Amino acid sequence: IPSELGLLKIIYVMRLQKNKLTGSIPAELASLTTLTFLTVHRNDLRGKVGNAFCQTNMEIRADCKWPDPEIECDCCFCFSDDRPLAEYTGERDCKDTAKTL
């Protein structure tokens, strides 16, 4: 994901799921004050989503389901690649294996 996307002036939704993206989620995206919905699940992204994201009103959906997270995130809705989307319940605690989206 190019860090230059953080320079956008107005963007409300960024849906990047299921695109075979690699690398990490750039910290610059946390500065997008109009962005309210970011989906990056079902990619090959790795790393930690910084606290700056957790200070925003942004809803983030990522592959952070424990015990084997691809993304470390304390404020994301978490997905796991081994479950169909229809089974997700909408919980937001990524470190509790009983709660997933």
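Heads up: the structure comes first, above all this text.
Just so you know, these numbers come straight off a predicted model, no measurement behind them.

Scoring rules and cut-offs
Here the residue numbers are simple positions, counted from 1 along each chain's written sequence. Side-chain atom pairs in this predicted model are given and counted only at pLDDT of 80 or more, local residue features only at pLDDT of at least 70, and totals for whole chains, interfaces and linings cover all residues. Note that the side-chain values use all heavy atoms of the structure and ignore hydrogens as well as water. Numbering of helices and strands runs from the N terminus, with a helix taken as a DSSP run of H or I at least four residues long and a strand as a DSSP run of E at least two residues long. Residue burial is assigned from relative accessible area. The probe radius is 1.4 Å, only protein chains are included, and a residue is buried under 20% of its type maximum, exposed over 50%, and partly exposed in between. The contact criterion used is simple: two residues touch if any of their non-hydrogen atoms lie within 4.5 Å. Note on areas: Shrake-Rupley with a 1.4 Å probe; residue coverage comes only from the protein chains shown. Patch building starts from residues that exceed 30% relative accessible area and form no salt bridge, then joins like charges within 9 Å and nonpolar side chains (Val, Leu, Ile, Met, Phe, Trp, Tyr) within 5 Å. Definition used for salt bridges: Asp or Glu carboxyl oxygen within 4 Å of a side-chain nitrogen of Lys or Arg. The rule for a disulfide is simple: a pair of cysteine sulfur atoms within 2.5 Å. The pairing criterion is simple: DSSP has to find at least two bridges between the two strands. Paired rings are identified among Phe, Tyr and Trp, the last through its six-membered ring, by centres lying within 6.5 Å, and are further divided according to the angle between planes into stacked (under 30 degrees), edge-to-face (over 60) and tilted (the rest). Criterion for a charge above a ring: Lys NZ or Arg CZ within 6 Å of the ring centre, and within 35 degrees of the ring normal.

Undergrad: Any details on the overall build of the protein chain? Residues and values, ideally.
TA: Secondary structure assignment for the protein chain yields 1 helix and 8 strands. When the 101 residues of the protein chain are sorted by exposure, 38% land in the buried category. Counted over contacts in the protein chain with a minimum sequence separation of 6, partners at least 24 positions apart contribute 38%. If you sum the accessible surface of the protein chain, you get close to 5900 Å²; carbon and sulfur atoms cover 50% of it.

Undergrad: Can you explain a nonpolar patch on the surface? Please cite residues and give values.
TA: A surface patch of nonpolar side chains, about 320 Å² in accessible area, is lined by I10, Y12 and V13. One can find V13 in strand β1 (residues 13-15).

Undergrad: Can you tell me about the state of the cysteines, naming the residues and giving the values?
TA: Under the definition given, this model contains 2 disulfides. A sulfur-sulfur distance of 2.2 Å marks the disulfide that ties C54 to C75. An S-S torsion of about -85 degrees defines the bridge between C54 and C75 as left-handed. Placement of the pair is C54 in helix α1 (residues 51-54) and C75 in the loop between β7 (71-72) and β8 (77-78), with a sequence separation of 21 residues.

Undergrad: Which residues make up the sheet that holds strand β3 (residues 37-39), and what values go with them?
TA: Spatial strand order, β1-β3-β6-β8: 4 strands in an open sheet with parallel pairing. The open sheet is flanked by β1 and β8, the only strands paired with a single partner. Of the pairings in the sheet, the one linking strand β6 (residues 59-62) to β8 comprises 2 bridges and is parallel in character. Its bridge partner being in β8, R61 is matched across the sheet by F77.

Undergrad: Explain the packing of aromatic side chains to me, and be specific about the residues and the numbers.
TA: Summed over the entire model, instances satisfying the criterion amount to 0 aromatic pairs. The ring centre of F77 lies 5.7 Å from the NZ or CZ of R61, which sits over that ring.

Undergrad: Explain unusual backbone geometry to me, using residue names and the numbers behind them.
TA: Located in the positive-phi region is K18, a residue other than glycine, with phi close to 55 degrees. Within the secondary structure, K18 is located in the loop between β1 and β2 (22-23). Within the chain, R42 stands out as a residue other than glycine whose phi angle is a positive 60 degrees. Within the element layout of this structure, R42 appears in the loop between β3 and β4 (44-45).

Undergrad: Describe the environment of G6, with residues and values.
TA: Within the element layout of this structure, G6 appears in the segment before β1. The spacing of G6 and L29 is 23 residues in sequence and 4.6 Å in space, taken between C-alpha atoms.

Keep in mind these numbers describe shape, not what the thing actually does.
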